[in-house]
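Tertiary structure, described
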Amino acid sequence: MRLYLIAGEHSGDTLGTGLMQALEAKVPGAEFIGLGGPEMNARAPGIRDWVEEAAVVGLWEVLKKYGYFKKEFDRTLGEIKAARPEAVIFVDYPGFNLRMAKAVRKAGLPTKLVFFISPQVWAWNQGRIPRMAKMLDLMLCIFPFEKPLYEAHGLRTEFIGHPMVKRLSEARIDSPREDNLIAFLPGSRVREVEKLFPACLDAVHILRESLPDARFVVSAASDKLARNMRRMQGDEGLCTIETGSVYHLMQRATCGAVASGTASLEAAYFGLPYCLIYKASLFTYLAARALMKVEHLGMANILAGEEVVKELLQFDCTGERIAAEILSFCQAPSLRETLTQRLLDMTNSLGAGDSHALAAKAIADVLGHPS
């Protein structure tokens, strides 16, 4: 069985690798080709590593690389037509992948089209769901509220739970929170850190006066980002900058500030009291505000249906506002305890940690492979 996978970000590379492993167990002898990252390429040389070029964020940033993406789109469509795989599996990355699904379906290939994981069209344009239902054979979703949205339009959909649950459950530590430890998680991309870390440093300057005994620890997603942040904070050394310890930090810190994205849901899983921070280029921010159809940006708040976690977005993402939120946590243990319990209750709805196995079974079923 030949399967063509397309992942365009590092997170998708990890998701795709887990899915490949589960499919190998479910469909012995499956052949994997397509686009992904270093992890997928290491597992199957037929997966071409392109994520360093493909993983761009923001409308303006994508437009600047239009020529590159057009070339890769045409090349990928040509590969799919030549390979005629039993299925094309789209791993997140909706901007590219939804267009590719439309093009493959238009080409009339007898290929099953599977989307893993559900794109968040409910946040941007629910009007796309009927069109997706005509294109796709199977939708694999990771949030429980997504399944009825797609099924209402006749799209075969399976709720598989969130892939992060298994990884995070294995990262749990038996350690109490440290009263004076405050965490900052300013993102995993260079541009994101460049926007958010200065505001975090401003917050630390303010907090040092009210919390003289506090320790400020910043989690860097890579050594490169750690070097950039050390350069940005200079010789003053306001913060300790760590790499490779983010899950421990989320469980040890008394509270913190976390960039919008995967880390904010991970922090919620561990019950870290935090405020959500987000800042982008003005063009990207205004475009996002115009397109968003949901009231909140943070997934914890979307799942809860209200602002459980304070969102400090764009112009509100300042050192003063971040410091005020953190100070309120430090001065009110009952506030921290209440938020922690709400976050833990909310993340209990994200499955039991077997999402890749459930995804592999659903894909095997839609392909008619015996279970």
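Anyway, here's the lowdown on the structure attached to this text. (Residues numbered from 1 in each chain as written. Predicted model: local features only at pLDDT ≥ 70, side-chain atom pairs only at ≥ 80, totals over all residues. Heavy atoms only, no water.)

1. Considerations on the pattern of salt bridges
With the rule as written, the count across this model stands at 19 salt bridges. A salt bridge links Glu79 to Arg75; its shortest N-O distance comes to 3.5 Å. Separated by 4 residues within a single helix, Glu79 and Arg75 lie in helix α5 (residues 66-83), roughly one turn from each other. It is possible to trace a salt-bridge network through shared partners that takes in Arg48, Glu72, Arg75 and Glu79. (Salt bridge = Lys/Arg side-chain N within 4 Å of Asp/Glu carboxyl O. Helix = DSSP H or I, 4+ residues; strand = E, 2+ residues; numbered from the N terminus.)

2. Some details on the layout of surface pockets
Looking at the second largest pocket, its volume works out to about 180 Å³. Together, Leu98, Arg99, Lys102, Arg128, Arg131, Met132 and Met135 line the second largest pocket. Elements that contribute at least two residues to the lining of the second largest pocket include exactly α6 (94-106) and α8 (129-135). Here the lining of the second largest pocket is built from residues that sort into 3 nonpolar, no polar and 4 charged. (1 Å grid on protein atoms, 1.4 Å probe; cavity = no way out; pocket = protein on both sides within 12 Å on 5 of 7 lines; lining within 4 Å. Points joined across faces, edges and corners; volume = space filled by probe spheres on them. Nonpolar A, V, L, I, M, F, W, Y, C, P; charged D, E, K, R; others polar.)

3. So, the sheet that holds strand β8 (residues 178-185)
With respect to topology, 6 strands assemble into an open sheet ordered β10-β9-β8-β11-β12-β13, the strand pairing being parallel. Looking at strand neighbours, the two that pair on one side only are β10 (240-243) and β13 (311-313), the edges of this open sheet. Sheet twist, expressed as the mean angle between neighbouring strand axes with direction ignored, is 25°. Its contacts with the sheet place helix α11 (residues 190-210) against β8, β9 (215-220), β10, β11 (253-259) and β12 (274-278), and it is angled at close to 170° to β9. (Pairing = 2+ DSSP bridges. Axes fitted to C-alpha atoms, helices over the stretch in contact; angles between N-to-C directions. Contact = heavy atoms within 4.5 Å.)

4. Structural notes on the nonpolar core
Ile89, Phe116, Phe184, Tyr274 and Ile322 are the most contacted members of the largest nonpolar core, which has 101 residues in total. Looking at this core element by element, the count peaks at 9 residues for α11. Ignoring any residue separated from it by four or fewer positions in sequence, one finds Phe116 in contact with Leu15, Leu19, Ile89, Phe90, Val91, Asp92, Leu140, Ile160, His356 and Ala359. Listed in part, the 33 residues of the second largest apolar core include Ile80, Phe96, Met132 and Leu155. (Core = buried A, V, L, I, M, F, W, Y, C linked by side-chain atoms within 4.5 Å. Buried < 20%, exposed > 50% of the residue type's maximum accessible area, 1.4 Å probe, protein only.)

5. A short note on the side chain of Thr254
With respect to the element layout, Thr254 can be found in strand β11. A polar contact is formed between the side chain of Thr254 and the side chain of Arg336, at a distance of 3.2 Å. Excluding anything up to four places from it in sequence, Thr254 contacts Arg177, Glu178, Asp179, Leu181, Ile182, Leu272, Pro273 and Arg336. (Polar contact = N/O pair within 3.5 Å; in protein donor to acceptor, adjacent residues only side chain to side chain.)

6. Notes on unusual backbone geometry
The omega angle of the peptide bond from Phe116 to Ile117 is 15°, so this bond is cis rather than trans. One can find Ile117 in the loop between β5 (112-116) and α7 (121-124). With phi around 45°, Arg84 is a residue other than glycine that occupies positive phi space. Take Arg84: it is sitting in the loop between α5 and β4 (87-91). For Gln314, which is not a glycine, the phi torsion comes out positive at approximately 50°. Relative to the assigned elements, Gln314 resides in the loop between β13 and α17 (319-331).

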